[in-house]
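Chain by chain, the residues run as shown.
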Amino acid sequence: MALRIARLEHQHTRWLTDLLARNPCENVYLISLLEVTGTARLGSPAGTLYGIFDGDRPVAAYWVGGNIIPVAATPATNEVLARKLNADGRASCSLIGSRSVVLDLQQRLNWGRARGVRERQPLLAIGSDPLVTPDEHVHRVTLDDLGAVFPASVDMFTKEVGFSPIEDGTAGYLARVRGIIRGKNCYARISSTLPQGGAVPRWPAEEQDEQVLFKADIGIRARRIVQVQGVWVHPAVRNQGLGAAGMAAVVQRTRDKGHSTVSLYANDYNETALRMYARVGFEQVGTFATVMY
């Protein structure tokens, strides 16, 4: 019997729960959605969760929204999804997930040339206390810190993705950063002075003395696991141990709140960041790829 695609329904919730639990670091986004909704019938303006079925039995799942996220996918299930995506036309911005699956899916799509491809992104996790001393100056950001945090977030995004998130105006990305802060998901060290003394250069927040020296966001939060995103260190303090101490603070505070595992993924060419994460205690648990359109 040929494989087919259909929305997952309530009766598939146990199957999906067990499937996601096999690779929690890889599946943290969908785990977080499932914890909120309590059902595999996930559908909203943000996206829809589809299953690939062999008869009546689901064998893989795909979140299709702004991002496309595969779960337990294979080349055969990719082909079924690709037929639908090619017929519907591109509405998603990126493919994110296990390297072999994502790169295979990209080859099956007729969406034209991708804006960027990150072919190898180590997926890292830590399930213990950090190996370095946390930076006591890292605090949970409030909206009072927005003037410093927003320019740092813009620079982080631009360097990471390859284009500015405010090239068409600031409103959309400003709302996103505000939302992260309101959700109590942004941690930073903010100061007008360098750790070794002297003033921090007035950049990237050019109109104020206080600048972000270190920043990280909890991008996805489930009960037992979180995924860190948006890590940024001010150029004036890079290679001085501030990033490792800042990440240690994020790990410790997150674990203190009951999330036993902290995960993230980074580009393989960012060797400085990967060494920093290793010092903190992160270990590689998989390899992601991201294709951006």
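Residues numbered from 1 in each chain as written. Predicted model: local features only at pLDDT ≥ 70, side-chain atom pairs only at ≥ 80, totals over all residues. Heavy atoms only, no water.

- Labelled according to an unreviewed UniProt entry, the protein appears under the name N-acetyltransferase domain-containing protein, originating from Brevibacterium iodinum ATCC 49514.

## What about the domain arrangement of the protein?
- Looking at the protein, the domain boundaries give domain 1 (4-112) and domain 2 (126-286).
- A straight line from the C-alpha centre of domain 1 to that of domain 2 covers 29 Å.
- Of the residues lining the interface, 8 residues belong to domain 1; the matching set on domain 2 comes to 11 residues.
- Considering only the surface of domain 1 that becomes buried against domain 2, Cys-25, Val-28 and Glu-35 emerge as the three largest contributors, covering 68% of it.
- Our count for the domain 1 to domain 2 interface comes out at 1 salt bridge.
- A salt bridge links Arg-223 to Glu-35; the nearest nitrogen and oxygen atoms lie 3.9 Å apart.
- Joining domain 1 to domain 2, the criterion identifies 1 residue pair in polar contact (both at pLDDT 80 or more).
- For the side of domain 1 that touches domain 2, the leading source of residues is helix α2 (residues 28-37), giving 5 residues.
- Grouping the amino acids of the side of domain 1 that touches domain 2 by side-chain chemistry returns 6 nonpolar, 1 polar and 1 charged. (Domains from an automatic or database assignment. Contact = heavy atoms within 4.5 Å. Buried area = accessible area lost by both parts, 1.4 Å probe. Salt bridge = Lys/Arg side-chain N within 4 Å of Asp/Glu carboxyl O. Polar contact = N/O pair within 3.5 Å; in protein donor to acceptor, adjacent residues only side chain to side chain. Helix = DSSP H or I, 4+ residues; strand = E, 2+ residues; numbered from the N terminus. Nonpolar A, V, L, I, M, F, W, Y, C, P; charged D, E, K, R; others polar.)

## Some details on the UniProt feature "domain: N-acetyltransferase" (unreviewed entry) in the protein
- Per the UniProt record, the feature "domain: N-acetyltransferase" (unreviewed entry) sits at residues 136-293.
- Taken end to end, residues 136-293 is 34% helix and 27% strand, and its two terminal C-alpha atoms sit 39 Å from one another. (UniProt positions renumbered as here; feature names shortened; annotations may be inferred.)

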